[in-house]
Amino acid sequence: MIKTKSGFTLIELLVVFTISAVFFGAGIAAYGRFNRDKNLEKHTLAIQQLLQVGKVKARSNDKGGCSALDHYNVVVESEYKVTTSVVCATGTSTFSQSHLIMSEENIQIDTSESGSNFTFYHLRPTSDSGCIVLQDQRSNECRSISVSASGVTEIVKSCSCS
C-alpha cells in the first residue's frame, strides 16, 4: 500500500499568498482614492449649495434681519472658507452662512481665479459670473463651480474655469 501525502506545497501557499496580497493592496489604494474623491465632491456640493442659498434668498427678498435688503454676497474669504452674507440697503452686512474646509483634509480653494465674489440682487435675474475651483492637494483632482450671469451653477471636473 502506497501512502500519499495530502496538503499544499510551500510554493503553492506562497503563490496564493502573493496573489491575495496584490489584490488587497490594490483594494486599499482604490478605497483611498474613492474617499478623496467623495470628500472633494462633498465640499464642492456644499459650496454650490451656499451659492444657491444666496441666489434664492436674494430673489425671494429674504431680508435676513435687515429692514430693507440690498443683496446677498457669497465670498471666497480664503483657501479654506466661503461665506454668504446679507447686505442691507443701509450698507451694513450681517453674517448668514459659511463653509469651512479643515486644512488636514488637503483640499484648497484656488483663490487665484477671478470672480470669487458673487453678488445676488433682489428682483434682478442677473448676478456676477465667475468660477470657484477646489483642488485635492494629494491627488491633484479638481472640481470647478461655474456661475453664469443668470445665476445658474454647474460643477465640472476641471482645474480651470475656461
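Because the structure is predicted, anything quoted here is derived from the model rather than measured.

1. So, the pattern of salt bridges
Thinking step 1. All told, the structure shown has 6 salt bridges when counted by the stated rule.
Thinking step 2. For glutamate 105, the salt bridge identified is with lysine 42, shortest N-O distance 3.9 Å. One end of the pair, glutamate 105, is in the loop between β3 (93-100) and β4 (107-110); the other, lysine 42, is in helix α1 (residues 10-59), and 63 residues separate them in sequence.
Thinking step 3. Residue glutamate 105 is classed as buried on the basis of its relative accessible area of 16%.
Thinking step 4. Given the relative accessible area of 45%, lysine 42 is considered partly exposed.

2. A look at the sheet that holds β4
Thinking step 1. Spatially, the 4 strands line up as an open sheet ordered β4-β6-β7-β8, and their pairing is antiparallel. In this open sheet, the two edge strands, each paired with only one partner strand, are β4 and β8 (153-156). Geometrically, the sheet is characterised by an average inter-axis angle of 20 degrees between neighbouring strands, direction not taken into account.
Thinking step 2. Across 6 bridges, strand β6 (residues 130-136) lies against strand β7 (residues 142-147) in antiparallel orientation. Across the sheet, glutamine 135 pairs through a bridge with cysteine 142, a residue of β7.

3. Points about the nonpolar core
Thinking step 1. Of all hydrophobic cores here, the largest spans 22 residues; its most connected members are Ile47, Leu51, Val82, Ile109, Phe118, Ile132 and Leu134.
Thinking step 2. For this core, the secondary-structure elements that each account for two or more residues are α1, β1 (69-78), β2 (81-88), β4, β5 (117-121), β6 and β7.
Thinking step 3. At 5 residues, the largest contribution of residues to this core is made by α1.
Thinking step 4. Among residues more than four places away in sequence, those in contact with isoleucine 109 are Ile47, Val76, Ser78, Glu79, Tyr80, Lys81, Val82, Ile101, Ile132, Val133 and Leu134.

Calculation notes
- Once a new chain begins, its residue numbering starts again from 1 and follows that chain's sequence as written.
- Totals for whole chains, interfaces and linings use every residue, but because this is a predicted model, local features are given only for residues with pLDDT of at least 70 and side-chain atom pairs only at 80 or more, for both listing and counting.
- Processing note: side-chain calculations cover all non-hydrogen atoms of the structure and skip hydrogens and water entirely.
- When a carboxyl oxygen of Asp or Glu is within 4 Å of a side-chain nitrogen of Lys or Arg, the pair counts as a salt bridge.
- For the purposes of this entry, the term helix denotes a DSSP run of H or I that reaches at least four residues, the term strand denotes a run of E that reaches at least two, and both are numbered from the N terminus.
- Accessible area is worked out with a 1.4 Å probe on protein chains only. A residue is then buried under 20% of its type maximum, exposed over 50%, and partly exposed in between.
- A pair of strands counts as paired when DSSP detects no fewer than two bridges linking them.
- Geometry is summarised by axes, namely lines fitted to C-alpha atoms with helices restricted to the contacting stretch, and by angles between N-to-C directions that run from 0 to 180 degrees.
- Nonpolar core, defined: a set of buried Ala, Val, Leu, Ile, Met, Phe, Trp, Tyr and Cys residues in which side-chain atoms within 4.5 Å join the residues together.
- Between two residues, a contact is recorded if the distance between any of their heavy atoms is within 4.5 Å.

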